[in-house]
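Descriptive analysis of the structure
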Amino acid sequence: MNRLLPIILTGCCLLFQAQVAAAAKLHPVVPVEQDCAECHGDQEKVWFDGKHGLMNVKCIACHGATDKNFANKPGLAACRGCHAEQVTQAQKSKNKEGKSCFTCHEGHALTAKGSATGSYHAKGGK
Amino acid sequence: MKMTRRELMKYSAALAAASAIGLDLPMPKGVLAAAAGEPDKWVKGVCRYCGAGCGVYTGVKGGKVVAVKGDKDNWNKGFLCLKGNFLPAIHYAPDRLQYPLLRRGDKFVRISWDEAMQVMVDKFHDAIRKNGPDGVAFYGSGQAYTEESYFINKLFKGGLGTNNIDGNPRLCMASAAVGYVSTFGKDEPMGAYDDINHADCFFIIGSNMAEAHPVIFRLVNERKQKGKDVKIIMADPRKTLSARIADLHMSFTPGTDLAILNAMAHVIVKEKLYDKAFVDKHTIFKTMTDPGPPPKIKKVVWDDYVKFLNDYTPEAAEKISGCPAAEIVKAARWFASSKATMSFWCMGLNQRTRGVWVNNLVHNLHLLTGQICRPGATSFSLTGQPNACGGVRDGGLLSHLLPYGRLVANAAHRAEMEQFWGLPAGRIKPKPGLTAMEMFKSVNNGTTRCLWVACTNPGQSLPNVDPYRKGMAGEDTFLVVSETYHPTKTSELADLVLPAALWVEKDGTYGQSERRYQYVEKAIEPPDEARPDLTVMIDFARRLFAAMGRTEEAKKLFPYKTSEDVWNEIRLCSKGTAYDFMGMTRARMKKAHGLQWPCPTENHPGTVRRYTSEYDVLVKQADPKAEGVLFYSAKADNNRVSIWLRPHKGPAEPPDAEYPFALTTGRQIEHWHTGTMTLKVPELKRSAPDAYLEINPRDAARVGVKNKEKVKVTSRRGSIILEAKVVDVPRDGLVFVPMHYPERMINSLTTDAFDALSKQPEFKICAVKLEKV
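What counts, and at which threshold
Counting restarts for each chain, with residues numbered from 1 along the sequence as it is written. By the order in which they are written, chains take letters starting at A while ligands take numbers starting at 1. Reporting of local features is limited, given that this is a predicted model, to residues whose pLDDT is at least 70; pairs of side-chain atoms are given and counted only at 80 or more, and all residues count toward the totals for whole chains, interfaces and linings. Each helix is a run of DSSP H or I of at least 4 residues and each strand a run of E of at least 2, with the numbering of both proceeding from the N terminus. Only C-alpha atoms enter the radius of gyration, while the globule expectation follows 2.2 Å times N to the 0.38, with N the number of residues. With C-beta atoms placed from the backbone, the exposure class of a residue follows from how many other C-beta atoms lie within 10 Å of its own: 20 or more, buried; 12 or fewer, exposed; in between, partly exposed. Think of it this way: build a C-beta for each residue from its backbone, and any pair within 7 Å is a contact. In this description, strands pair whenever DSSP reports at least two bridges between them. Note on definitions: angles span 0 to 180 degrees between N-to-C directions of axes, and those axes are lines fitted to C-alpha atoms, for helices only across the stretch in contact. If an angle is under 35 degrees, it is roughly parallel; if it is over 145, roughly antiparallel; if it lies from 65 to 115, roughly perpendicular; otherwise it is oblique. The crossing is said to be left-handed when, going from far helix to near helix, the turn is anticlockwise and less than a right angle, and right-handed when the turn is clockwise. Ten residues, namely Ala, Val, Leu, Ile, Met, Phe, Trp, Tyr, Cys and Pro, are considered nonpolar, four, namely Asp, Glu, Lys and Arg, are considered charged, and the remaining ones, Gly among them, are considered polar. A set of buried Ala, Val, Leu, Ile, Met, Phe, Trp, Tyr and Cys residues, joined to one another through C-beta atoms within 7 Å, is what we call a nonpolar core.

1. Focus: the overall build of chain B
Across its full length, chain B holds 25 helices and 29 strands. In terms of overall size, chain B behaves like a compact globule, its C-alpha atoms giving a radius of gyration of 25 Å where 773 residues would be expected to give roughly 28 Å. Considering only C-alpha atoms, chain B reaches an extent of 70 × 65 × 55 Å along its principal axes. Counting over 773 residues, chain B shows a buried share of 60%. At a minimum sequence separation of 6, the contacts of chain B that also span at least 24 residues come to 70%.

Written out as structure tokens, the structure reads:
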């Protein structure tokens, strides 16, 4: 049994990673010392040059850890710590698009995008 | 769900093993991972981490903390930093201590609270009988609530008659405190965060505020973006993330900033950029003729100061510091000429053998130029812990202090406190007690027989920590540790470990950097058998006094049932002092988003800026005719504050041929102090998992080490192997290591040399050598 244990564990590991890839909602297993920018350099640069980069609101704030509480597409709760009023407005939105911060805000620059005018929150979410 | 310690250890081991191969075990319900979902209620409080004191609402669902959000009505405008955003998880770490533990040989065994208190009382009583009250000591924290620190101070200094009570702010803020007292006569900043909105020039020295005080950094950046021609000067041997918003980054050899600050004063005087009217009206000049102890101080005059500054031309300072003379001149001109200049500093100045002197030199610049006591013009020390100011500096939980600006060595102050506490005359000893490093040396030599450590982790946070760890682990001293988690690097050395309630599991008052006091409301129950430290302290005091046959005295001294009872006594204790917060009733504090002292009456709005009649009601109380600035804090010098002649002196252990690099330690945004809380948060641990050695590419090439390769770092006290992080942040000859990680304690290498005036150790500079592994 002792000799089989590593094989079983490795198998479990591979199976787990395959499930990760299939589900696409979990992050692939990466070494603990690996920095996000090593695979996501483009996104990291956009983030770093934006306001949230300047304020060091790092990847984990929205995406969680790669091994715990990972979110490929962050939910509203991730923004609530600093933007509680805006999140409440979004929660009350009547259409599906309005229930995500990223409908109006670029994913990593987090600036208003496209036709977003910036008046949505100023008007109390109307 | 309850787990035994054995079950918990098994689970943790399984979790680690599974994690190593990529498996993700489910968290045991009720132990790990805060429940998701919308909170049932939001409870108002203050962040648990740094001294910025951000207002926070805690979201509670089903008796658990499930979310936090910033308080938009507080100074932080609803913003939190990266680690503040993840506060809920600190309550549900797998190593929460559930019940009291007593050491039996190499193991800890579970005991009841009743047994724990009895053992503790027996040990303390025995030590006091055999060695007198100075045979026991308490080591506290800038994280305890004000009510806890005040109570334990009263128990030790007033009840037991020993001044052997000190705390971790000695490692953190002591030089800032002594700096304010020696310059202004009283501790604590006169300004506020609101000054950020009015400043046109920021002078930031010895502070990486982007990581250590991120929400204050956010306000500075906001001012920079909105203000026209706002200048930011950043003086730091590392080009940190904070320097991203700087107009001028002044790099210099670690420990040479005294020369730079004197050279800035030289430029200000030579170019007649000083405010002569302000200097003439409000200042005197002092120098130290003999370091003592006690130090001998001599009053001198303006001409002596000018002569003193003659040695500090920008060119001379460049030779000493490596900072270009042109940058020193530019910084001096910006500082003096802006409409309003605000200085910030933190551990880079405080954790130094000349910490007090370098604090004095920053104040000098403000006094010379009159850049003080106006909106945007102020000299502002940043604070490391959430209640170092409120509980320790103000409340007097240091071995030389009594509450609210009173001193142990001052007979009138002792008499005041003896009368206030209802003690017999002479109960409070006239000699200051052991300071932090002296206290742990006394553990090493066995003269302290019982030591109670609460809400802090000296087994990791002391400089040159290894010899002190041996002392704490030894059998000469009975070590009691009140802790939320176990094991920590201190609780693992204890004889008795007491489980402590954490943050919103209890209520109390925090006081932060800008004199803002805030009430933290209890939101949830503590887990298992954990108790608030105040409850434990009161229980211990009553039992100890009963054992000593002083039950009736204990009834008078410790009549409290709630933290509000203690708070009301504290308010009375502050009455009539420079700290007066009689107006901060508990009912008012529950509604307010913090109030700034002095706040002497219930209809007083609190004081944004001190020492100026426009804002500070105490100015007119001190002198009804006073208009504008009055430094009533410096009553002994006729309301004149001190410009000090402080010569340059380098660190205790500069680099040399054998140890050619300077090592400095510091913070990362993800973690706080010794990581007992933040390293339990999966997201924060994933983002910053381990210690590293930060080295610039030029030095890395010289050592022959590449990014992510292992390097052995050795000081005269110890060695550690770390992964190299090769980035162009530290200047040549300087390396940096974060101080958060228990598995790789950089404090095994740091020096325990300390400032003669503040007794604060020089964590920030020691000499090391590097070898590729």
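2. Notes on the sheet that holds strand E11 (residues 283-290) of chain B
Residue and element names in this part refer to chain B. Read across the sheet, three strands follow the order E12-E11-E23 without closing on themselves; strand pairing throughout is mixed. The sheet is open, and its two borders are formed by strand E12 (296-300) and strand E23 (641-645), each paired with just one other strand. Ignoring strand direction, the axes of neighbouring strands in this sheet form an average angle of 40°. Summarising the sheet, E11 and E23 pair through five bridges and their orientation is parallel.

3. Topic: the sheet that holds strand E17 (residues 450-454) of chain B
All names here are of chain B. Sheet architecture is open: seven strands sit in the order E5-E4-E19-E18-E17-E6-E7, paired in mixed fashion. Two strands lie at the open edges of the sheet, namely strand E5 (107-110) and strand E7 (165-167), each paired on one side alone. Neighbour-to-neighbour, the strand axes of the sheet open up by a mean angle of 20°, direction not taken into account.

4. Quick notes on the packing of helix H7 (residues 257-270) of chain B against helix H13 (residues 355-369) of chain B
Residues and elements named next belong to chain B. One way to put it is that H7 packs onto H13 with a least axis distance of 9 Å and a crossing angle of 15°. Relative to H13, the element H7 lies roughly parallel. In terms of crossing hand, the pair formed by H7 and H13 is left-handed. The residues of H13 that touch H7, namely those facing Asp257, Leu258, Leu261, Asn262, Met264, Ala265 and Ile268, are Trp357, Val358, Leu361, Val362, Asn364, Leu365, Leu368 and Thr369. Here the contact of H7 with H13 is built from residues that sort into eleven nonpolar, three polar and one charged.

5. Quick notes on the nonpolar core
All names here are of chain B. Counting residues in each nonpolar core, the largest one holds 247 residues, and the members touching the most others are Phe202, Ile233, Ile260, Met264 and Val480. Per-element accounting of this core gives the leading share, nine residues, to H7. Residues contacting Val480, with those up to four places away along its chain left out, are Met120, Trp452, Val453, Ala494, Asp495, Leu496 and Leu498.

6. Section: the interface of chain B and chain A
Across the contact, 29 residues belong to chain B and 27 residues belong to chain A. Of all the elements in the fold, those that place two or more residues in the side of chain B that touches chain A are strand E3 (64-70), helix H5 (209-212), helix H6 (214-226) and helix H24 (682-687) of chain B. With five residues, H24 of chain B is the largest single contributor of residues to the side of chain B that touches chain A.

7. Digging into helix H16 (residues 436-444) of chain B
Three or more residues of H16 of chain B are buried, namely Ala436, Met437, Met439, Phe440, Ser442 and Val443 of chain B. Tucked inside the fold, the buried residues of H16 of chain B contact strand E6 (136-140), E7, E17, helix H17 (458-461) and helix H18 (465-473) of chain B.

8. Points about the pairing of strand E9 (residues 231-235) of chain B
Regular strands place their side chains on alternate faces of the sheet. All names here are of chain B. Extensive coverage of E9 is indicated by the burial of five of its five residues. Along E9, one buried face is formed by Lys231, Ile233 and Ala235 and the opposite face, lined by Ile232 and Met234, is buried too. Examined bridge by bridge, strand E8 (residues 201-205) and E9 share five bridges and lie parallel to one another. In the strand pairing of E9, Cys201 is matched with Lys231.

Don't take any of this as a statement about function, it's just geometry.
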